[in-house]
Amino acid sequence: MPLVAANWKMNPSNLDDALDLVRGVMSVARGQAQNVEVAIFPPFPWLLSVSDLIIESGVKLGAQNVFWEMKGAYTGEVSPPMLKAICQWVIVGHSERRLYLAETDEMIAKKTAAALSAELGVIMCVGELADHYDAGMSEQIVSGQVRAGLASVAADDSARLVIAYEPVWAIGSGRNADPEFAYKTMRLIRRIVGEMIGAGAARKVRILYGGSVKASNVQQYVELPLCDGVLVGGASLDAEEFVKIVKTTSEVYGHR
Ligand code: 13P
C-alpha cells in the first residue's frame, strides 16, 4: 500500500492549529484507508495530543527524529522505545538534520537500526545537494547514503523500512524533480537495497519521492512504477491541499 507522509517540520506554531490541521486530514484519510496509508509527523511536544485525537482514525503517527540509544544520560534526546509507546513511524536522516545538525551517514545508520529494533517503521531520507545535482553526481551521492544508512539493516526489517528520495534542491524550493529523473534514482535505490538485503526483501521496502510535492504534481510521481508514495513538507500544512494529495494517490493506486 502506498504511504503519504506529512512532515510538518517545526510547524505550525501552536497546538490549537496543529489539532485543527489533524481534524482536517482525519475524516478524509479514514475514507481512503483501503488504498493509502496516511502518516503525520508533528513536532515532539504535540505527539501525545495528536495521538489522542487520531486514535481509531486509521491515521498513523510518527516523530521527526530519534536517538540511537535505548536509555541513559543523553540530554535532549528521545529513545526508540519512548516513541514506540505512541508512534508507529519515525523519520531518520532528513536533509535538514544532515545540514543544520551535522548528522552523518554513520549516525543515521545507528538511528535506523535502533528504531527498527524497537519495531518502529522508519522513513530514512536520502538526497543530493544542488551542487551535486549540477555536477551530475546524484547517483553517486544517493547510493553512498543508502549503503551507509542501511549498514546494519536486516532483511527481516524490510516491511517496516521506507526510503524517501528527497533531492535537497527540490525541498521547499517549488522546483520539484522531473519524474523521469526521480524514477531513475528510485530504481537505483531499489537495486542497492536488493544488493544489501536480497531482492525478495528489497521488494517489501517502500520508496517515496519528496520535494515540493503538491496536489497539482503528485500524480506524476505516484504513477511511477517504483514509487510507493510521497513525503510532503509545506503542502501538508494545508489540510485541503494535503487531502487532495491523499485522494489523488488513492485514486492512482486504486486503478493499479
Ligand atoms: P517540501 O514538500 O516543503 O518541499 O518539503 C519536503 C520535505 O522535506 C519533506 O520531508
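Everything that follows concerns the structure shown earlier in this document.
As the structure is a computational prediction, the values presented were derived from the model and not from experiment.

Draft legend 1. Region of the structure containing the sheet that holds strand β3 (residues 60–63). Sheet architecture is closed into a barrel: eight strands sit in the order β1-β2-β3-β4-β5-β6-β7-β8, paired in parallel fashion. With strand direction ignored, the average angle separating the axes of adjacent strands in the sheet is 25°. In the sheet, strand β1 (residues 3–7) pairs with strand β8 (residues 229–232) via four bridges, with the strands oriented parallel. Looking at β8, one finds that Val4 is bridged to Val230. Packed on one face of the sheet, helix α5 (residues 105–117) meets β4 (89–92), β5 (121–126) and β6 (161–165) and runs near 165° to β5.

Draft legend 2. Expanded view of the site of the ligand. Residues in close proximity to the ligand include Asn7, Lys9, His94, Glu166, Ala170, Ile171, Gly172, Gly211, Ser212, Leu231, Gly233 and Gly234, which together make up its full environment. Within the backbone of Gly172, an N or O atom sits 2.6 Å from an oxygen atom of the ligand. The contact in question runs from an oxygen atom of the ligand to an N or O atom on the backbone of Gly233, over 2.9 Å. For the ligand, whose accessible area on its own is 310 Å², the fraction buried by protein is 95%. Under a 2 Å grid-point criterion requiring more than half of the atoms, the pocket assigned to the ligand is the second largest pocket. Its residues assigned to classes, the shell around the ligand comprises three nonpolar, seven polar and two charged.

Draft legend 3. Layout of the pattern of salt bridges. Under the defined criterion, the tally for this structure stands at 11 salt bridges. Linking Lys9 and Glu96 is a salt bridge whose minimum nitrogen-to-oxygen distance equals 2.7 Å. Placement of the pair is Lys9 in the loop between β1 and α1 (15–31) and Glu96 in helix α4 (residues 95–100), with a sequence separation of 87 residues. Given a relative accessible area of 21%, Lys9 falls into the partly exposed group. Residue Arg206 pairs with Glu37 through a salt bridge whose shortest N-O separation is 3.0 Å. Of the two residues, Arg206 is situated in strand β7 (residues 206–210) and Glu37 in strand β2 (residues 37–41); the sequence distance between them amounts to 169 residues. Side by side, Arg206 and Glu37 carry an identical accessibility label, which is buried.

About the thresholds
- Residues numbered from 1 in each chain as written.
- Predicted model: local features only at pLDDT ≥ 70, side-chain atom pairs only at ≥ 80, totals over all residues.
- Heavy atoms only, no water.
- Pairing = 2+ DSSP bridges.
- Helix = DSSP H or I, 4+ residues; strand = E, 2+ residues; numbered from the N terminus.
- Axes fitted to C-alpha atoms, helices over the stretch in contact; angles between N-to-C directions.
- Contact = heavy atoms within 4.5 Å.
- Near = heavy atom within 4 Å.
- Polar contact = N/O pair within 3.5 Å; in protein donor to acceptor, adjacent residues only side chain to side chain.
- Areas by Shrake-Rupley, 256 points an atom, 1.4 Å probe, with all protein chains shown as cover.
- 1 Å grid on protein atoms, 1.4 Å probe; cavity = no way out; pocket = protein on both sides within 12 Å on 5 of 7 lines; lining within 4 Å.
- Sits in = over half its atoms within 2 Å of the grid points.
- Nonpolar A, V, L, I, M, F, W, Y, C, P; charged D, E, K, R; others polar.
- Salt bridge = Lys/Arg side-chain N within 4 Å of Asp/Glu carboxyl O.
- Buried < 20%, exposed > 50% of the residue type's maximum accessible area, 1.4 Å probe, protein only.

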